[in-house]
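Here is what each chain is made of, one letter per residue.
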Amino acid sequence: MTTQAGTPVPAPDTAHRPAHRPARWVPTRLRANPLAALLMAVLAFVTVFLAAAFPRIADRGADAALRDFVGQKGLNATSLQVTSRTQLDDNAVVLDRVQRQLTETVGRQLTLAQAGQAHGARALSGRTMRNPEYVRISDSTDPEIGLFYLQDLADRATLTDGTWPTPGTGDGPLPIVLSRTAADTIHIKLGDVIDNGVDGVGAKRTTVVVGFYRINDPHDPFWDNLGCPARACLKPVPEHEHWATSGFVDGAGLAALARWGSGAENFWRLPVDPGALRADQLARTRTVVSSLQTGPGATNLSGVTLRGDLRTGSSLTDILSRADDRYRASLPLSTIGPAGVAGVAVVVLFLAAALTTDRRAAEIRLLRARGGSRTGVLGRLVGEGAVTVLPAAVAGAALAVVLLPTPRWEGAVLAAVVAASIALLAFPARAALLWSRGRAAGGRRRLVGELAVLAVTVAAVAEVRRRGVGTGGGLDPLLVAAPLLLAVTGGLVLARVEPVAVGRLAALAGRGRGLVAFLGLARAARDSTGRRRPSVLPLLALLIAVTTTGFGATVLDTVDHVRTRAARIATGGDIGVSLPDYATLTESFTKAADALPGVHASTGAWVEPKARFVGADQDYTEAYLVVVDPAAYAEISRTVGVGEFDGAKLAGTSGGRDTPVPALVSRDLAKRLAAGPPQVRTPNGNALRLSVVATVAATPALPDPGKPFVVVPAGPAWERLPDAKRVNKWFAVGDIDPERVRSTLRDNGGAQPTGLAKLVADDAAAAGKGTHGLPVGYTVHSSAETVTVLADDPLQHAAERLFWYAAAAGAGYALLAVLLTLFRAAPDRTAVLARLRTMGLRPRQGLALIITEALPQTLAAAVGGGLAALAAVALLGGAFDISTLVGAEVGDAITPVLLPVLLPTTGLALLVGLGIVLETLIAGRRQIATELRAGEQA
């Protein structure tokens, strides 16, 4: 190249310049708006953490509840009880070998607990002890003894006298050891040769006492199913009451044990470890236990041990079945809360994607205008999101796994992957809508979509109401989805109605002199005919949160009320005192108890379980006779809600012996007997003529009697039935301290048991059945204590705890949805406020304008969500079985209640309103000030 003068122009030196490289997309975009990237990462982290955490919380709660439920059943109920007939060559060595074989074989399929394992042999029949010097309760019944061999007896008992037994020889007395306590009770002495009678072929059987022992822990469940090894137990066979105890022989004398007991059986107890049970493996565990009892597992055990008559029994199969039923009954409440959170979280993620798309719409259109392909642009957006979303999602899932350890991870990982995928793809999917065509048909598409959602909702609700819950044996997805569908349908309807209603309010506000209310309502009501359309997403998020929270709160409120009512029914009031047959409540107790603080109504009662109700045709039916004060008893019935009647109808009058007494009878009794003046007879032969004034299904003294009953007033009954003046029960309603009732009963308890009754009481006390310092058989029932017992269930606590966690998370996401909506409208709102500030709008009026614009949607969502929650309860409440959550079998259905819905609804509305105010105070002023200073640096 040369100039006009012909002078050459040097070419540019490009040999040493580096080639121009375009900036990498992802780092450039992240540096362009780091705050947005950070907020998206935080949102993804929290969402994935919750998605992974909720399944793990549910798993941990279900496992803890299962282990507690099974563990409470006791050692023997949760063990495999293996038995085999004792052979002539059996001894302790053989039994030890079989124990090892059983433990090894069963341990491959079930986790066994080391503590509680036991094996030995027992005589098939006990024998009497006929020595004349031994104590007898009745003259004709000898004390009884059963013999056992127990491996490692010396480890659990301490020898106090004599020696441990040695093998028996020939036909001589069989050496045994006995409990020192039992020996003292029956008057057995060391060295006694006990005459045990003769066996079926006439051979004389005897035992010789060579030692006494003391059991280290008599109440250890290890000793269950081993007779009565710690003491002499009372066998209260009517008219043949006698003492019974257990003795132990040496392991080398099993053949002699079999001869003594007309045969013997070996036993091996293999306790299953409740701490190793898992709720998700209930079906497998139940199958394994069933197989070991009657299936291939049992055949395998027989083959391994070479004992063809080996038998395995256990109550564990039934226990696991009941545990599985309880777990499935609690699933709806445990799942509805997290499902609601999932719905709100998805809405928030799409709302965040919409906010990001609006902010970057010009940039994305520019990329397309400069030749970027759809695939290329979307790939860049996905890559940009992967840098922020995926590390946050991995961190959130890892944190949930570390903080909430549980053997199961599939559900948590799947939920985390789904949440991360939505967080990653929501923005690219929303951006792709910018290029979609045919937007004129958008209104029709929206209407078709809304009608489809409505149809699905109607079908789901109708199906749930038609067939109830869980007919397939697992979690009913329709029952979980139906409340969410109702919330979504309500949100779509509300999104149609709210702009119109707010527009009418704006028109009314425009007629006034104030400007703020009109502008706020007018901006809130702008629809597709204006500059923007109000987003359905924040309304939907609020509605889902309110509906699911209100629905679950109603379930829990119903459970609390039904549990209280069930406890009152079981108690017969708020306090009930019961006595054994031999006892009578003193007049001093009834007077002192009636005067206790908090007693609203009380009555003593005589309940006779062996009365006979005789009809006019002389046909009789056994029935309970209840003698009470009618006025107080009517008030108790009304308060408890069982067997309500008009006390005035039962008020009797004085008269002769043949004068009928007004009576309240059970419905089945009234139907069973012929019409005519009936009468009731007591076991002593006294009779009382009755006049039936009313019939009821139940009564507080016998809420579920199982037999017919008759209730008569105390005054007339006392005049005609001398034996009716006894009082063996006391009922009261009110806020009463049960400990004060027990103290009053201890101070004024009446006569103590004597004779056989005292023996029964002492035997029960020795077994650890005496409580609160009261005589055995004296019980004070409190409805408050019963409620505590019914509610003390880890399964209930786990379901309630998971629901409230979900409710809190749903409220947080609902608040975030509103704040994102405010951020989305912030530029437009800021510009308007800045212009109004130049026209004289004061800052306080600006705050009022923002609140007026934002609150209609919040209030509409709160009201609509509350109505949707009530509708969900009314439509779906009958499909819930709340017996497991109550802790007792009840037939109550869940019905709409305003207060449980109103409280969370109001709380969520206040929370969202407070968030709006704080956002306006913190961010709104700064944005307005920035807008007003625009151009100062020019």
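Residues numbered from 1 in each chain as written. Predicted model: local features only at pLDDT ≥ 70, side-chain atom pairs only at ≥ 80, totals over all residues. Heavy atoms only, no water.

Focus on the overall build of the chain
Move 1: What the chain contains, in helices and strands, is 28 helices and 21 strands.
Move 2: By residue count, 48% of the 938 residues in the chain fall in the buried class.
Move 3: In the chain, the share of contacts with a sequence separation of at least 24, taken over all contacts with a separation of at least 6, comes to 81%.
Move 4: As displayed, the chain offers around 44100 Å² of accessible surface, 58% of which is attributable to carbon and sulfur atoms. (Helix = DSSP H or I, 4+ residues; strand = E, 2+ residues; numbered from the N terminus. Buried < 20%, exposed > 50% of the residue type's maximum accessible area, 1.4 Å probe, protein only. Contact = heavy atoms within 4.5 Å. Areas by Shrake-Rupley, 256 points an atom, 1.4 Å probe, with all protein chains shown as cover.)

A word on a nonpolar patch on the surface
Move 1: Taken together, the side chains of L35, L38, L39, V42 and V46 define a hydrophobic patch exposed on the protein surface, amounting to about 450 Å² of accessible area.
Move 2: Of note, L38 is situated in helix α2 (residues 34-71). (Patch = residues over 30% accessible without salt bridge, like charges linked within 9 Å, V, L, I, M, F, W, Y side chains within 5 Å. Salt bridge = Lys/Arg side-chain N within 4 Å of Asp/Glu carboxyl O.)

Comments concerning the packing of aromatic side chains
Move 1: The tally for this structure, following the rule as stated, stands at seven aromatic pairs.
Move 2: The interplanar angle of 70 degrees and the centroid separation of 6.4 Å between the aromatic rings of W223 and F248 together place this pair among those described as edge-to-face. Of the two residues, W223 sits in the loop between β8 (204-215) and β9 (233-235) while F248 sits in strand β10 (residues 242-248), which places them 25 residues apart along the sequence.
Move 3: Take W223: its relative accessible area is 5%, and that puts it in the buried class.
Move 4: Under the relative-accessibility criterion, F248 is labelled buried at 0%. (Phe/Tyr/Trp six-rings, centres within 6.5 Å; stacked < 30°, edge-to-face > 60°.)

Focus on the pattern of salt bridges
Move 1: Applying the stated criterion across every chain, the model contains 23 salt bridges.
Move 2: Measuring nitrogen to oxygen at the nearest pair gives 2.8 Å for the salt bridge that ties D574 to R568.
Move 3: With relative accessibility at 9%, the residue D574 sits in the buried group.
Move 4: Across the salt bridge formed by E635 and R638, the nearest N and O atoms sit 2.5 Å from each other. Here E635 pairs with R638, and both are found in helix α18 (residues 630-640), just three residues apart, close to one helical turn.
Move 5: Given a relative accessible area of 47%, R638 falls into the partly exposed group.
Move 6: When salt bridges that share partners are traced, they join D59, D63, R278, D280 and R408 into one network.

Re the state of the cysteines
Move 1: What the rule picks out here adds up to one disulfide.
Move 2: Each sulfur in the disulfide pair C228 and C233 lies 1.6 Å from the other. Around the S-S axis, the bridge from C228 to C233 shows a dihedral of about 70 degrees and counts as right-handed.
Move 3: Exposure remark for C233: the relative accessible area of 11% places this residue in the buried category. (Disulfide = S-S within 2.5 Å.)

Describing the packing of helix α16 (residues 536-571) against helix α23 (residues 783-791)
Move 1: Across the interface, α16 lies against α23 with an axial gap of 8 Å and an inter-helix angle of 125 degrees. The angle between the axes of α16 and α23 places the two elements in the oblique class. Seen along the crossing, α16 lies across α23 with a hand that is right-handed. Contacts between α16 and α23 pair R563, T564, A567, R568 and T571 from the former with S783, T786, V787, L790 and A791 from the latter. (Axes fitted to C-alpha atoms, helices over the stretch in contact; angles between N-to-C directions. Parallel < 35°, antiparallel > 145°, perpendicular 65-115°, else oblique. Left-handed = near helix turned anticlockwise from the far one by under 90°.)

Details of the confidence of the model for the chain
Move 1: Overall, the prediction assigns the chain a mean pLDDT of 81, with 86% of residues at 70 or greater.
Move 2: The low-confidence segment residues 527-532 (pLDDT under 50) makes nine contacts with residues lying over four places distant or belonging to another chain. (pLDDT = per-residue confidence, 0-100.)

A closer look at the environment of P716
Move 1: Looking at where P716 falls in the secondary structure, it is placed in helix α20 (residues 714-720).
Move 2: Using a relative accessible area of 7% as the deciding quantity, one classes P716 as buried.

Looking at the side chain of S302
Move 1: Summarising the element assignment, S302 is placed in helix α8 (residues 296-305).
Move 2: Residue contacts for S302: discarding those within four places in its chain leaves R307, G308 and L310.

Notes on the layout of surface pockets
Move 1: Looking at the second largest pocket, its volume works out to about 880 Å³.
Move 2: Going through the elements one at a time, α2, α9 (316-359), α12 (410-432) and α24 (794-824) are the ones with two or more residues in the lining of the second largest pocket.
Move 3: Of all the elements, α9 adds the most residues to the lining of the second largest pocket, at twelve residues.
Move 4: For the lining of the second largest pocket, a count of residues per class yields 30 nonpolar, six polar and four charged. (1 Å grid on protein atoms, 1.4 Å probe; cavity = no way out; pocket = protein on both sides within 12 Å on 5 of 7 lines; lining within 4 Å. Points joined across faces, edges and corners; volume = space filled by probe spheres on them. Nonpolar A, V, L, I, M, F, W, Y, C, P; charged D, E, K, R; others polar.)

Considerations on unusual backbone geometry
The phi torsion of most residues other than glycine is negative, and most of the peptide bonds are trans.
Move 1: Positive phi, normally seen in glycine, also occurs at S262, with a value near 55 degrees.
Move 2: Looking at the secondary structure, you find S262 in the loop between α6 (254-260) and β11 (264-271).

What to know about the environment of V546
Move 1: Checked against the element boundaries, V546 lands in helix α16.
Move 2: The spacing of V546 and G864 is 318 residues in sequence and 8.5 Å in space, taken between C-alpha atoms.
Move 3: Beyond its immediate sequence surroundings of up to four residues, V546 is in contact with A861, A862, G865, G866, A869, T905 and L908.

Brief notes about the packing of helix α7 (residues 282-294) against α9
Move 1: For the pair α7 and α9, the least separation of the axes is 9 Å and the interaxial angle reads 160 degrees. Between α7 and α9, the interaxial angle falls into the category roughly antiparallel. Of the two elements, α7 crosses α9, and the hand of that crossing is left-handed. For the pair α7 and α9, the contacting residues are L282, T285, R286, V289, S290 and Q293 in the first and L316, T317, L320, S321, A323 and D324 in the second.

Things to note about the pairing of strand β1 (residues 79-85)
Move 1: As paired strands, β1 and β11 are joined by seven bridges and run antiparallel to one another. Residue pairing for β11: Q81 is matched across the bridge by R269.
Move 2: Pairing of β1 with strand β12 (residues 311-313), which is carried by three bridges, proceeds in the antiparallel orientation. Counted as the bridge partner of V82 is T312 from β12. (Pairing = 2+ DSSP bridges.)

A few points about helix α21 (residues 738-747)
Move 1: Looking only at α21, the buried set comprises P738, V741, R742, T744 and L745. Along α21, the residues classed as buried sweep out an arc of 160 degrees about the axis, all on the same side.
Move 2: Where α21 is buried, its residues meet β13 (575-578), α17 (587-594), β20 (729-734), β21 (779-782) and α23.
Move 3: By the N-cap criterion, in which a side-chain oxygen at the helix start approaches the backbone nitrogen of a residue two or three places on, α21 is capped by D737, the distance to E739 being 3.1 Å. (Arc of directions from axis to C-beta. Polar contact = N/O pair within 3.5 Å; in protein donor to acceptor, adjacent residues only side chain to side chain.)

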